[in-house]
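# Per-entry structural report
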Amino acid sequence: MGSGSQDAERDTAGGEIAPAAAVGRRRRRRPPAPSPPASTFPWSRPLPAFLAPITRPGRRGVVLSLALAIVAGLMQPFAAADLDVWPLAWIALVPVLVVVTHAPTRRRAMLYGWVAGLAANLGGFYWLTGLLVRFGHLPWPVALLGLALLCGYQALVFWLFAAAVRRLRLVSAERRGAPLPMALVATLVMVTFELCVPFIFPWYLAITQAWVTPIIQIAELGGPIAVTALLAAVNGAIYDLLFASGWRGRWRPVLATALALVASLLFGFVRLHQIDARRAAAPKVRVGVVQGNIPFDEKGLLRPELAADQLRDLQRKSAELEAQGAELLLWTESAYPYFVPRDATVDAPEIAVGRIRRGVSAPLVVGAVTWDGLEESYPRNSALMLAADGRFTGRYDKIFLLMFGEYTPLVENVHWLRDLMPRNAGHFARGEDIVTFPFEHDGQAYRLGPMICYEDILPDFGRKLAALHPHLIVNITNDAWFGDTTEPWEHLQLSVFRAVEMRSDLVRAVNTGVSAFIDASGRVYARTYAVDPHLTPRPVDGIVAEATLMEGGHTLYAAIGDLVWYLVATVTGFLWLLWPRLRRRSG
């Protein structure tokens, strides 16, 4: 047989065995044959002429399919920050579905899916090279390799998506006489792999809709995956409308998806009105955020000669914000330029250079590195609650540390690994408990829910914090490593969902921006900017705005988390891996 036939794979379930020609002759499987072009299947409408080459194994079909996959992948970062062409997300999966279901072999389909995922991740994480070069002091070729490895791994979601979508469509077509609607298949599969594939830099398709406030209200029911499911369903329904044959094959999934979309929008508008009414009736506090704008390599802990001036700048800006009405102050992650002893219970004495509170009386949430001073121990990335009377009334140690930036795997047990790590790669001890900070305002006791850095993009972390029912979420972050790229804006977009899931306001204090105030409906109603202080130095800045003190954590998602989506993943796994085997045995 020719090489094309040898490379082809059997997509249909089963796999016939050639009968023995004589007693004693070994049974052999028939050589696999190429799948028939999808346009010839009775359950699929013919492809337009310009797409017909993708069903054939020739070079023209490969080039066209790769081009469609790349365009589809790039639609995802174009729909997110900071281009924000969010409508693209509602059609971005359609080209992927076309090339995956019409590719001549399964391997080709999976390759095209992976290429789409690679393009999406490269477009979203291009800034990683700058991080590795500037922060890690790695040469550009190594940084590019690191980017390629990260994006290639995270593209596995689309690789698995392609494999499962193709398999489910073919198996269900043989079983039922017509395939399951793409609106259903795409939803089941994308939800499954977005849930189950672990990421180094977590993200989800829902990021593209962060500014579409009515849509993201369903996150209180199912987190960001609920928005992802809706996006996948609409993309699948568009595919069904274009390529399914017969009235039922086209219009049933379209009508069902349209109903789901309308229901989601109605739910969103109703909840927006209800949450706005609750916020209007809830107590308010004016919060002042101090944005240090300090370059990542000029932090006082690394440059002791700069520490005293940096602390004075933070104190001066805090006093200015308090004069503007701030009743609670936030400093960013590791903003305090000295170590804080782990056993400290009060602020440093008035005469000490490292005293935190000077010229202000408002309670203060401070980002600091805490350490017990022992050489054999590692410091912790902490948030401290400094009450108006100078006592530390709360401490939270960051739990989810950034690999190689804040911890090096195995370094605690294999110390020589430390010498192999890029310069500036730190190692912190991991925190243990999620906590809330006590906060008294107008004679009433409230709870602040602290998060550090990218913990505000993790739904699981948010749900655990929601169980403590904070009245206000406070996030302190240092995104100086990324400069003035899309990363600070992507970070902001991902954090929006925590406010909706908990139904609490969220205030973000970010060293080089974007500092922001997000209401319990996910609307960003006040923010600063992102800056690269190496390229455009700016002095310490700040912002004051009113936040609502409304007890959160009383949502369905806070109660059950991703339980529904794990059930969906179980169904998907059964249909993909077990259904064909059961059918084969019954046959």
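Before any of the text, the structure's been laid out above.
Residues numbered from 1 in each chain as written. Predicted model: local features only at pLDDT ≥ 70, side-chain atom pairs only at ≥ 80, totals over all residues. Heavy atoms only, no water.

### Observations regarding the side chain of Thr370
Under the convention used in this document: Secondary structure elements follow DSSP: runs of H or I no shorter than four residues count as helices, runs of E no shorter than two count as strands, and numbering proceeds from the N terminus. Polar contact is the term for a pair of N or O atoms within 3.5 Å; when the atoms are in protein, one must be able to donate a hydrogen and the other to accept it, and sequence-neighboring residues count only if both atoms are side-chain atoms. Contacts between residues were defined by any pair of non-hydrogen atoms, one from each residue, lying within 4.5 Å.
Checked against the element boundaries, Thr370 lands in strand E4 (residues 364–371). Polar side-chain contacts of Thr370 include one of 2.8 Å to the side chain of Arg342. Excluding anything up to four places from it in sequence, Thr370 contacts Val340, Arg342, Pro379, Arg380, Ser382, Leu384, Arg395 and Asp397.

### Looking at the packing of aromatic side chains
The following threshold applies: Any two of the Phe, Tyr and Trp rings considered here, Trp counted by its six-membered ring, make a pair once their centres fall within 6.5 Å; the pair's planes then place it as stacked at under 30 degrees, edge-to-face at over 60, or tilted in between. Burial classification: accessible surface area is computed with a 1.4 Å probe over protein chains only, and a residue below 20% of its type maximum counts as buried, one above 50% as exposed, and the rest as partly exposed. Think of it as a cone above the ring: NZ of Lys or CZ of Arg counts as a charge over the ring if it is within 6 Å of the ring centre and within 35 degrees of the ring normal.
Scanning all chains against the criterion turns up 16 aromatic pairs. With a centroid separation of 5.8 Å and 50° between ring planes, the pair formed by Phe296 and Trp481 is classed as tilted. One end of the pair, Phe296, is in the loop between strand E1 (284–291) and helix H12 (304–323); the other, Trp481, is in the loop between strand E9 (472–477) and helix H14 (487–502), with 185 residues separating them in the sequence. On the basis of relative accessibility, which here comes to 5%, the residue Phe296 falls in the buried class. On the basis of relative accessibility, which here comes to 23%, the residue Trp481 falls in the partly exposed class. Ring centres 6.0 Å apart and planes at 55° place the aromatic pair Phe517 and Tyr525 in the tilted group. Note on Phe517: relative accessible area 0%, which makes it buried. Here Tyr525 falls in the partly exposed class, since its relative accessible area comes to 35%. An aromatic cluster is built from Phe125, Trp127, Phe201 and Phe482, whose rings are joined through pairwise contacts. It is Arg538 that lies over the ring of Tyr529; its NZ or CZ is 3.9 Å from the centre.

### Brief notes about unusual backbone geometry
Note on backbone geometry: most residues besides glycine have negative phi, and most peptide bonds are trans. Of the consecutive residues Ala81 and Asp82, the connecting peptide bond is found in the cis state with omega at -5°. Relative to the assigned elements, Asp82 resides in the loop between helix H2 (59–79) and helix H3 (94–102). Omega for the bond connecting Gly513 with Val514 falls within 30 degrees of zero, at 15°, which places this linkage in the cis form. Residue position: Val514 is located in the loop between strand E10 (506–510) and strand E11 (516–518). The backbone of Asp84 shows a phi angle near 60°, a positive value even though the residue is not glycine. With respect to the helices and strands, Asp84 occurs in the loop between H2 and H3. Positive phi is not limited to glycine here, since Asp442 has a value of about 55°. Following the sequence through the fold, Asp442 ends up in the loop between strand E7 (437–441) and strand E8 (444–452).

### Quick word on the environment of Pro179
Following the sequence through the fold, Pro179 ends up in the loop between helix H7 (156–176) and helix H8 (182–196). The buried category is assigned to Pro179, whose relative accessible area is 11%. Residues Pro179 and Leu168, spaced 11 residues apart in sequence, show a C-alpha to C-alpha distance of 7.8 Å.

### Quick look at the pairing of strand E6 (residues 392–397)
Each regular strand shows side chains that alternate between the opposite faces of the sheet. Condition: Pairing between strands is defined by DSSP: at least two bridges between them are needed.
Across 5 bridges, the pairing between strand E5 (residues 380–386) and E6 is antiparallel. Paired with Met385 across the strands is Gly394, a residue of E6. From the end of E5 to the start of E6, which pair antiparallel, there are 5 residues, and Gly390 there has a positive phi angle of about 90°.

### Considering the sheet that holds E8
Across a sheet, strands are paired by hydrogen bonds formed along the backbone, either parallel or antiparallel in direction. Rules: Lines fitted to the C-alpha atoms define the axes, with helices restricted to the stretch that makes contact. Angles between their N-to-C directions range from 0 to 180 degrees.
Taken together, the 6 strands give an open sheet; going across it, the order is E7-E8-E9-E10-E11-E12, and neighbouring strands pair in mixed fashion. One side of each edge strand has no neighbouring strand; the edge strands of this open sheet are E7 and strand E12 (524–527). Along the sheet, successive strands turn relative to each other by an average axial angle of 25°, direction set aside. Direction of pairing for E10 relative to E11: antiparallel, over a ladder of 3 bridges. When the bridges of E11 are listed, Arg508 appears paired with Ala516. Packed onto the sheet, helix H13 (residues 459–466) meets E8 and E9 and runs at close to 160° relative to E8.

### Concerning the environment of Pro202
Within the secondary structure layout, Pro202 lies in the loop between H8 and helix H9 (213–216). Linking Pro202 and Leu458, residues 256 residues apart in sequence, is a C-alpha distance of 7.5 Å. Ignoring anything within four residues of it in the chain, the contact list for Pro202 reads Tyr454, Ile457, Leu458 and Leu494.

### Let's talk about the packing of H13 against H14
Between two packed helices, the angle of one axis relative to the other and the distance separating the axes together describe the packing. Here is the rule we go by: The hand of a helix crossing depends on one turn: near helix anticlockwise from the far one by less than a right angle means left-handed, and clockwise means right-handed. Residues are grouped as follows: Ala, Val, Leu, Ile, Met, Phe, Trp, Tyr, Cys and Pro are nonpolar; Asp, Glu, Lys and Arg are charged; all remaining types, including Gly, are polar.
Put simply, H13 and H14 touch, their axes get as near as 10 Å, and they point 35° apart. Our pair here, H13 against H14, has a crossing hand that is right-handed. Two secondary-structure elements touch here, H13 through Pro459, Gly462, Leu465 and Ala466 and H14 through Arg498, Glu501 and Met502. For the contact of H13 with H14, the class distribution of residues is 4 nonpolar, 1 polar and 2 charged.

### Some points on H8
We count it as follows: To estimate the expected span of a helix, count its residues, drop one, and scale the result by 1.5 Å.
Its 15 residues give H8 an end-to-end C-alpha distance of 21 Å, which sits within 8% of 21 Å, the value for a rise of 1.5 Å per residue. Among the 15 residues in H8, 13 count as buried, and that is most of the element.

### A look at the nonpolar core
To keep it simple, the criterion reads: Here the nonpolar core consists of buried residues drawn from Ala, Val, Leu, Ile, Met, Phe, Trp, Tyr and Cys, with membership extended through side-chain atoms lying within 4.5 Å.
Ranked by size, the top nonpolar core spans 132 residues in total, and within it Val287, Leu328, Leu448 and Leu472 carry the most contacts. At 11 residues, the largest contribution of residues to this core is made by helix H10 (residues 219–243). Not counting residues up to four positions away in its chain, the partners in contact with Leu448 are Leu328, Val365, Met385, Thr436, Phe437, Phe439, Pro470, Leu472 and Val474. One finds Leu311, Leu329, Leu386 and Val540 within the second-largest nonpolar core, a separate group that totals 21 residues.

Such coordinate-based values are descriptive only and should not be taken to indicate function.
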